[in-house]
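Okay, here's what each chain looks like letter by letter:
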Amino acid sequence: MTLLLDVSRSAAAYSCLIRRRFKRRRKKRSERKGRVGARVPRNQQRLLSGEADEEETMSSCSTDVKENRNVDNLFSKEGVTAEAAQLPNGSAGGGRKRPLEEGNNRHTHSKYRPKKRKKVPGPILPKNALMQLNEIKPGLQYKLLSQTGPVHAPVFVMTVEVNGQLFEGSGPTKKKAKLSAAEKALRSFVQFPNASEAHMAMGRTLSVHTDFTSDQADFPDMLFNAFETSTPVDDPFYLTPNGNGSFCSLGIEYPLLPSPNPNLLQAPLPPPPSPFMSPTSGKNPYMSPTSTKNPIMILNELRPGLKYDFVSESGESHAKNFVMSVRVDAQTFQGSGRNKKLAKARAAQAALSALFNMQLDQAPSKQPIPREGLQLHLPQVLADAVSRLVVDKFSELTENFTSPHARRKVLAGVVMTTGTDVKEAEVICVSTGTKCINGEYMSDRGFALNDCHAEIVARRSLIRFLYSQLEHFLSNHDEEHEKSIFTRCENRQGFQLKENVQFHLYISTSPCGDARIFSPHEAGMEDQGDRHPNRKARGQLRTKIESGEGTIPVRSSNTIQTWDGVLQGERLLTMSCSDKIARWNVVGFQGSLMSYFTEPLYFSSIILGSLYHADHLSRAMYQRITEIEDLPPSFSLNKPLLSGISNAEARQPGKAPNFSVNWVVGDQGLEVINATTGKDDLGRPSRLCKHALYSRWMRLHCKLSSTLRIRTSRPSSYHEAKQAAEEYHTSKQSLFRAFHKAGLGAWVKKPIEQDQFATNT
């Protein structure tokens, strides 16, 4: 009996000990979980705290169950010592703490195991030529052949021997010289374990649809010329469609693309399709339309380590224009834009276009339209050269755009080429302007300029240049005579241009009227169809607004303007620039008076500095009048080269200036004309006015009366002289009928009184 009482007392004491021990463990466990919660991210704290409370509650319940079970087991056959062996801490009554588990960052809970970060698969970087060559021919030894140049600009020459042939490469560092040598070695053979990687190293990607097993060579030639430079390579290239080590020798040699260097162009070029355009789909098989690589990245892959230099900054604070340049393969390329980043990208694009014939913007509406007939120049090379020449000349005339007369909305100019080399091109005239004369300032003696839009003034300047060239031809000095661009016709009736003399019209933006009525930043017609709300008026004749900007469609009736009506307040209407250029493509830009001396003269190309759209421009220039009929033998519908430029000009926001400037080769400086009055600020007539040009024509008419194409008595007035050019006026009437027949409206004429003046010459 005494023994039973002792056992019951000891059991009660041990039960109290067990309760206190479990309370201490729960307290320590909650403290550890609190420290863990402070280290986990905030977005997991709420989840963990909830789980901890739930787990603590569950552990508390389980502890009570275990305690009850432990008390019951005290009366088992194993006795107290057996029960002590089953305690939760795994110890035999000593109360030692359980050590923390390994591998959980000292956390006992399994949910705190560190999560492994998954690797995000990224694009495989292309291997350069050095890496590709090392995979094909491991263990090649590159040797330093020479080191020249000053200390600050050394030139290293490295050599490598491959298949018994020695290849040399030069560069500002040994690494770049080795890379150059490896590129030359690769160009001698293309037998890569993975041909696509080799092409990617040189900035090319292969079309996944290319069929290498086809018997027809319908895949692009550039596929085999991925490493081509301006130096022709005679060795044929061999490619494999897979990377399993087998080589498929096609054994076909493909010609390289024409060199973009104009010095190498010795023969007239046919208008070939762009080498980056598929003949069937019109899409670029090399450049994905969704490619994220910009021109700077692509050029850097082809020519690593290029440096871009800041050239100039112009424009007002709200319309800045930056010019950046980059030097690639001993050639300098420039680009301009509203910020330096855009200017760098355009400079890189110009380099890619000239050196690698790569056009990243492959929308059909941005492609040049070749001219019909003799093609002496590569379209894009010519367009960029003409643009650069005109802008540089205007910069020179305005003291690097610092002159007050450098302000302009539209810049135009004419460039003359005398052969296949665009480096020998010459700027003939430069002009600016966007407004027309106010009706009350019209002159009945031919002293005022009616239309001061830049392209119209440029054409009048070109006529003035033609008169000076005829005067050179009549000079008694041999040097002056040889300088003339004219020669006598074989029948000695009139004059003709010397061989390969061509004129190229540059306009900094699309001409006003039909060529400009479109949305430049919306999808083109080739993508979703023409959805412009005014699409039914495409091709419509339009007139300029007096003393303002913009155009309006011609009225269906009452297209005759009268002198007294205009002076009374009716708006003086002037045909849009798009319509006038279309007229020049039929009757010639020389005008009716110049046709006494020469056959019709046409522009070989029309180049736009911005807002170029092939569909709209071609329609405005000649497509809308393709049904023209009954033209005299010497006249035709001219279809010049139409092109934009690689480095599109930045938009010129702000109010247009009220003046127009003009310059012709041989002039000392710019002439500034008030666009509202058609004269200079002092009221003096312009050197381009009707009276001035008619006076020069009268002097030439007297000297060349025996060799004129049009034989007539001396005219008594300007109007009579123009009307005597019968073939010219016949072709003009055919043009008007073509517009009317196509439902595009009637041509609006100026009051006849302004041409009924005579000269004292």
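Note: the structure precedes this text.
The notes below deal with the structure included here. (Residues numbered from 1 in each chain as written. Predicted model: local features only at pLDDT ≥ 70, side-chain atom pairs only at ≥ 80, totals over all residues. Heavy atoms only, no water.)

1. Focus on the overall build of the protein
Selection rule: Numbering of helices and strands runs from the N terminus; a helix is a DSSP stretch of H or I covering at least four residues, while a strand is a stretch of E covering at least two. With a 1.4 Å probe rolled over the protein chains alone, any residue whose accessible area is under 20% of its type maximum counts as buried; one over 50% counts as exposed, and the rest are partly exposed. Contacts are assigned to residue pairs with any non-hydrogen atoms lying within 4.5 Å of each other. Using the Shrake-Rupley algorithm and a 1.4 Å probe, accessible areas are obtained, with residue cover drawn only from the displayed protein chains.
The secondary structure content of the protein amounts to 19 helices and 18 strands. Per-residue burial over the protein gives 47% buried out of 761 residues. Across the protein, every contact between residues at least 6 apart in sequence was considered, and the portion connecting residues at least 24 apart equals 65%. As presented, the protein carries roughly 40600 Å² of accessible surface, and 50% of it is formed by carbon and sulfur atoms.

2. A closer look at the packing of aromatic side chains
Let me state the cut-off plainly: Put simply, two rings from Phe, Tyr or Trp (the six-membered ring, in Trp's case) pair if the centres are within 6.5 Å, and we call them stacked under 30 degrees between planes, edge-to-face over 60, tilted for the rest.
In this structure the tally under the stated criterion is 14 aromatic pairs. Arranged with centres 6.1 Å apart and planes meeting at 90°, the rings of Tyr-694 and Phe-757 form a pair that is edge-to-face. With a gap of 63 residues between them, Tyr-694 in helix H17 (residues 690-703) and Phe-757 in the segment after helix H19 (726-741) connect regions that are remote in the sequence. A single burial state applies to Tyr-694 and to Phe-757, both of which are buried. Relative to Trp-747, the ring of Phe-736 has its centre 5.3 Å away and its plane inclined at 25°; by these criteria the two rings are stacked. With a gap of 11 residues between them, Phe-736 in helix H19 and Trp-747 in the segment after H19 connect regions that are remote in the sequence.

3. Some words on the environment of Cys-452
Note on placement: Cys-452 falls in the loop between strand S8 (426-432) and helix H10 (454-473). Note: C-alpha distance between Cys-452 and Ile-673 (221 residues apart in sequence) is 8.3 Å.

4. Re a positive patch on the surface
Heads up, the condition is: Exposure above 30% relative accessible area and no salt bridge define the residues that can form patches, which grow by joining like charges within 9 Å and nonpolar side chains of Val, Leu, Ile, Met, Phe, Trp and Tyr within 5 Å. Salt bridges are defined as contacts in which a side-chain nitrogen from Lys or Arg sits within 4 Å of a carboxyl oxygen from Asp or Glu. This count recognises Lys and Arg as positive and Asp and Glu as negative, with His and chain-terminal groups excluded. Charge coordinates come from a single atom per side chain, which is NZ of Lys, CZ of Arg, CG of Asp or CD of Glu.
On the surface, a cluster of positive charge is contributed by Arg-20, Arg-24, Lys-28 and Arg-32. Along the polypeptide, Arg-20 turns up in helix H1 (residues 2-39).

5. A look at the packing of H10 against helix H14 (residues 577-587)
Rules: Axes here refer to lines fitted to C-alpha atoms; in helices the fit is confined to the stretch in contact. Angles between the N-to-C directions go from 0 to 180 degrees. In this count, Pro and Cys sit with the nonpolar residues alongside Ala, Val, Leu, Ile, Met, Phe, Trp and Tyr, while Asp, Glu, Lys and Arg are called charged and the others, Gly among them, polar.
It is at 9 Å that the axes of H10 and H14 come closest, and there the two elements cross at 30°. From H10, Glu-455, Ile-456 and Arg-459 reach across to H14, where they touch Cys-577, Lys-580 and Trp-584. When its residues are assigned to classes, the contact of H10 with H14 shows 3 nonpolar, no polar and 3 charged.

6. Structural notes on the sheet that holds strand S6 (residues 331-337)
The cut-off we apply is this: Any two strands are treated as partners once DSSP identifies two or more bridges connecting them.
The 3 strands are arranged S4-S5-S6 in an open sheet whose pairing can be described as antiparallel. Looking at strand neighbours, the two that pair on one side only are strand S4 (308-314) and S6, the edges of this open sheet. Ignoring which end each strand starts from, the neighbouring axes of this sheet average 25° apart. One ladder, built from 6 bridges, connects S4 with strand S5 (residues 321-328); its direction is antiparallel. Bridging across to S5, Tyr-308 finds its partner in Val-326.

Keep in mind these numbers describe shape, not what the thing actually does.
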